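# Residue-level structural notes
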Amino acid sequence: MRALTYQAPYKVKVGRKKDPEIEHPNDVVLRVTRAAICGSDLHLLHGLVPDTRVGSTFGHEFTGVVEEVGPSVRSLVKGDRVVVPFNISCGSCFYCVRGLSANCENTNPNSDVAGGAFGYSHLTGGYEGGQAEYVRVPFADVGPMKIPDDMDDEDVLFLSDILPTGYQAAEMGEIKGGEGVVIFGAGPVGLFTAKSAWLLGAGRVVVVDHVDYRLEFARRYAGVETVNFKRVDDIVLYLKDMFGGRGPDVCVDAVGMEAEGSRAHRALGLHAKVEAGAANVIAWCIEVVRKGGNVSVIGVYGPPWNIVPIGTAMNKGLTLRMNQCNVRRYMPHLLKHIREGRIDAKKIITHRFPLSEAPKAYELFSDKKDGCVKCVLVPHA
Amino acid sequence: MTDRQRQRLEHAGEPVYGADLSRSERPGVPMETEPRSLTPTVHWTDPERQRPDRRVTKRRELQQLTPVFSSANPPRGLSGALRRAAYRIPETHPRHFLTLMLADRVDVLEHRFARLLKIATLVPLGTAAAVVLVAKLLPRR
């Protein structure tokens, strides 16, 4: 089959590799119909995630058609169309039965920090990703959700990751109605966090970024106020002022380890590798949010450590909440929102490419060229 | 009118605003639930175990591999040796991740070297074959 493969930091190519096979009785093999490129794939592309092996295939947001079915699979048959959560979860371990499917302990032999995930280095188990013609999906009776006949793949593609991730980010902010929410990052997850903040009853939503076209998109798509942090003197003071000098009730970090905005963090984290990426957005969240407020971290950070002002968080009495998204439990609920027109998830897709042009898609997305918000690959185009 | 009032007014008429205000409408609340089946289709208590047919890395504290794992991209060469060494170090030690990062860079160099070697072997062989072919095709005097 053809698949995208990692070659070196900032270099991927499309080549041929062995077709996936059934390796466990509860596996299925999917023919991939759509595979999106996620912002967190860029951390892999940029060589920031440990144990990213040359030849591995990225991609954890995909839909597909079941091609082969393992002998113990009961819920799927050949020909079913499915959308697959990025987490690989057994459904029966200590964490899965408590709803924490992102923290499954039966799918990642390499690390106790994270559960298994598709196409996200051996740090999350080394599973091959969906930016390929075919992909192996373990625990097929747990993760994949059938796509309703009256919906197309792109309607539900983002139920695999970014829509539930954005929703969980807003939910972790513990919005009870009327709160002021500041979301750092106007990428796809930030956009869905903003949409979700309205669903949860936020009173005011502000999105912060430094890319003007993305802020413009956020205003149109999510009806939020925006701030370009490069156009204000001090983003912390500016945001505090916007919320009566105290700061907002909730801050969300939807950026993660490659944040712009601090030369010191970028030098230490991205160049000298003294910390695992640039963690200035967590610092901003902690500084900006009002005392007693909530900080929700959904941006991805790598091990082993980051420089975070934890003393400030303690003295301000903040609640810090975070996790990888437990995607499976959100899928039915958010499908209902899509079906009933509250969220038009596919509206954020700005570019589509055949698989052969995946390297170009990565370049476009990474460099934020041509108004790119979200790229989707069509492997069998 | 303040920005806050204006925003609330703008969104008040939309079906989006406050649709999930009730905690019962929030799928992730509480984040950790009482033990229950994640999906109704889970039909095992302990999952069946996948059998390894090649070398697969695992963290030091695991007695055996997890029931499901990936067999893709097994460790090979010098980078593979470094990765195996890294997985003998507990992941609570920074050395574990630093060794993995080093292995990643060595992996890239190994693949570049292998590609150069391929070119260095194939180009002279191809040139020699072409010369022989042309010599055979040329009419003899």
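Our subject is the structure that appears above.
Residues numbered from 1 in each chain as written. Chains lettered and ligands numbered in written order. Predicted model: local features only at pLDDT ≥ 70, side-chain atom pairs only at ≥ 80, totals over all residues. Heavy atoms only, no water.

### Overview of the pattern of salt bridges
Counted only if it meets this: Every case where a carboxyl oxygen of Asp or Glu lies within 4 Å of a side-chain nitrogen of Lys or Arg is listed as a salt bridge. Only protein chains enter the calculation, and the probe is 1.4 Å; a residue is then buried if its accessible area is under 20% of its type maximum, exposed if over 50%, and partly exposed in between.
According to the stated counting rule, one finds 33 salt bridges over all chains in the structure shown. Where B:E61 meets B:R59, a salt bridge forms, and the shortest distance between an N and an O atom there is 3.4 Å. On the basis of relative accessible area, B:E61 is assigned to the partly exposed category, the value being 42%. Among the residues examined, B:R59 registers a relative accessible area of 8% and is labelled buried. One connected set of salt bridges, linked through shared partners, spans A:D51, A:R53, B:R83, B:D104 and B:D107.

### Some points on the packing of aromatic side chains
Two aromatic rings are characterised by how far apart their centres lie and by the angle between their planes. All names here are of chain A. For the record, the criterion: Aromatic pairing here means that ring centres of Phe, Tyr or Trp (its six-membered ring) are within 6.5 Å. Orientation follows from the plane angle: under 30 degrees is stacked, over 60 is edge-to-face, and everything else is tilted. Secondary structure counts use DSSP, requiring at least four H or I residues in a row for a helix and at least two E residues in a row for a strand, with both numbered from the N terminus. To sit over a ring, a charge needs its Lys NZ or Arg CZ within 6 Å of the ring centre and within 35 degrees of the ring normal.
Across all of its chains, the model carries 12 aromatic pairs over all chains by this definition. Here the aromatic rings of Y6 and F58 are separated by 5.7 Å at their centres, their planes lie at 35°, and the arrangement is tilted. In this pair, Y6 is assigned in strand β1 (residues 2-8) and F58 in the loop between α1 (39-45) and β4 (61-69), connecting sequence segments 52 residues apart. For the pair formed by Y6 and F58, the shared burial category is buried. Plain terms: the ring middles of F217 and Y221 are 5.9 Å apart, the flat faces sit at 25° to each other, and that makes the pair stacked. Placement of both F217 and Y221 in helix α5 (residues 212-222) is noted, with a separation of four residues, approximately one turn of the helix. Given the relative accessible area of 8%, Y221 is considered buried. Taken together, the ring pairs connect F158, F192, F217 and Y221 into an aromatic cluster. For the cation-ring pair, R204 lies above F243, with the distance from its terminal atom to the ring centre recorded as 4.8 Å.

### What about the environment of A:V73?
Residues and elements named next belong to chain A. Our working rule: Contacts are residue-level and defined by heavy atoms, with any inter-residue pair within 4.5 Å sufficient.
Tracing the sequence through the fold places V73 in the loop between β4 and β5 (81-84). Owing to a relative accessible area of 12%, V73 belongs among the buried residues under this scheme. Between the C-alpha atom of V73 and that of V142, which follows or precedes it by 69 residues, the distance is 9.7 Å. Among all residues touching V73, those that are not within four sequence positions of it are P25, N26, D27, V28, A140 and D141.

### Description of the interface of chain B and chain A
Applicable threshold: Any pair of N or O atoms that falls within 3.5 Å is considered a polar contact. Within protein, one atom must be able to donate a hydrogen and the other to accept it, and sequence-neighbouring residues count only if both atoms are side-chain atoms. For this classification, the nonpolar set comprises Ala, Val, Leu, Ile, Met, Phe, Trp, Tyr, Cys and Pro, the charged set comprises Asp, Glu, Lys and Arg, and every other residue, Gly included, is treated as polar.
With 66 residues of chain B in contact, the opposing surface of chain A contributes 90 residues. Viewed at the interface, chain A and chain B are joined by two salt bridges. One salt bridge connects A:D112 with B:R59, and the closest N-O pair in it is separated by 3.6 Å. Counting across the interface, chain B meets chain A through 50 residue pairs in polar contact (both at pLDDT 80 or more). The set of elements that each furnish at least two residues to the side of chain B that touches chain A consists of α1 (3-12) and α3 (94-137) of chain B. At 11 residues, the largest contribution of residues to the side of chain B that touches chain A is made by α3(B). For the side of chain B that touches chain A, the class distribution of residues is 28 nonpolar, 16 polar and 22 charged.

### Details of the side chain of B:D107
Inspection of the secondary structure puts B:D107 in helix α3. Here B:D107 falls in the buried class, since its relative accessible area comes to 4%. Not counting residues up to four positions away in its chain, the partners in contact with B:D107 are A:R53, A:V54, B:S79 and B:R83.

### A word on the packing of helix α2 (residues 77-86) of chain B against α3(B)
Two numbers describe a pair of packed helices, the interaxial angle and the distance between the axes. Residue and element names in this part refer to chain B. To be explicit about the condition: Helix axes use the C-alpha atoms of the stretch in contact, all axes being lines fitted to C-alpha atoms, and the angles between their N-to-C directions lie in the range 0 to 180 degrees. In what follows, roughly perpendicular refers to angles from 65 to 115 degrees, roughly parallel to angles under 35, roughly antiparallel to angles over 145, and oblique to any angle outside these ranges.
Contact geometry of α2 with α3 gives a least axis separation of 8 Å together with a crossing angle of 170°. By the angle between their directions, the pair α2 and α3 is classed as roughly antiparallel. For the pair α2 and α3, contact is made by G77, L78, S79, L82, R83 and A86 and by H96, T99, L100, L102, A103, D104, V106, D107 and E110, respectively. Along the lines of polarity and charge, the residues of the contact of α2 with α3 split into seven nonpolar, four polar and four charged.

### Some remarks on the sheet that holds strand β14 (residues 294-297) of chain A
Residue and element names in this part refer to chain A. In plain terms, the rule: At least two DSSP bridges between two strands are needed for those strands to be called paired.
Read from one edge of the open sheet, six strands run β12-β11-β10-β13-β14-β15, paired in parallel fashion. The open sheet terminates on both sides in strands that have one partner only, identified here as β12 (225-228) and β15 (319-322). In this sheet, neighbouring strand axes are inclined to one another by 20° on average, regardless of whether the strands run parallel or antiparallel. The pairing of strand β13 (residues 250-253) with β14 spans four bridges and is parallel. Of the residues in β14, the one forming a bridge with V252 is S296.

### Quick notes on the packing of helix α3 (residues 162-172) of chain A against helix α4 (residues 188-199) of chain A
All names here are of chain A. This is how it is decided: Crossing chirality is assigned from the near helix's rotation relative to the far helix, an anticlockwise turn below a right angle marking it left-handed and a clockwise turn marking it right-handed.
Relative to each other, α3 and α4 sit at 55°, their axes nearing to 7 Å. Here α3 is positioned oblique relative to α4, judged by the angle of their axes. The two elements α3 and α4 cross, and the hand of that crossing is right-handed. Along the contact surface, α3 presents I162, L163, T165, G166, Y167, A169 and A170, while α4 presents P188, V189, F192, T193, S196, A197 and L199. Of the residues in the contact of α3 with α4, the class split is 10 nonpolar, four polar and no charged.

### Focus: the nonpolar core
Put simply, the rule reads: Put simply, a nonpolar core is a bunch of buried Ala, Val, Leu, Ile, Met, Phe, Trp, Tyr and Cys residues held in one set by side-chain atoms that sit within 4.5 Å of each other.
Formed by 120 residues in total, the largest nonpolar core has its most connected members in A:F158, A:L159, A:F184 and A:L239. Per element, the largest residue contribution to this core is seven residues, and it comes from α4(A). When near neighbours in sequence (up to four residues on either side) are disregarded, A:F184 contacts A:V208, A:L239, A:C251, A:V252, A:D253, A:A254, A:V255, A:V281, A:W284, A:C285 and A:V288. Grouped together as the second largest cluster of nonpolar side chains are 26 residues, A:V84, A:F118, B:W44 and B:V68 included.

### Let's talk about a positive patch on the surface
Rules: Here a patch means residues that are over 30% exposed by relative accessible area and free of salt bridges, tied together within 9 Å if like-charged and within 5 Å if nonpolar (Val, Leu, Ile, Met, Phe, Trp, Tyr). Surface accessibility follows the Shrake-Rupley procedure with a 1.4 Å probe radius. Residue values consider only the protein chains on display as shielding. In this tally, Asp and Glu contribute negative charge and Lys and Arg positive charge; neither His nor the terminal groups of the chain are included. Where a charge lies is defined by one atom per residue type, namely NZ (Lys), CZ (Arg), CG (Asp) and CD (Glu).
A cluster of basic residues, A:K11, A:K13, B:R112, B:R115 and B:K118, forms a positive patch on the protein surface. Contributions of two or more residues to the positive patch are made by β2 (11-16) of chain A together with α3 of chain B. Among the elements that take part in the positive patch, α3(B) stands out by supplying three residues, more than any other. In this structure, B:K118 sits in helix α3.

Read these as spatial facts, not as claims about activity.
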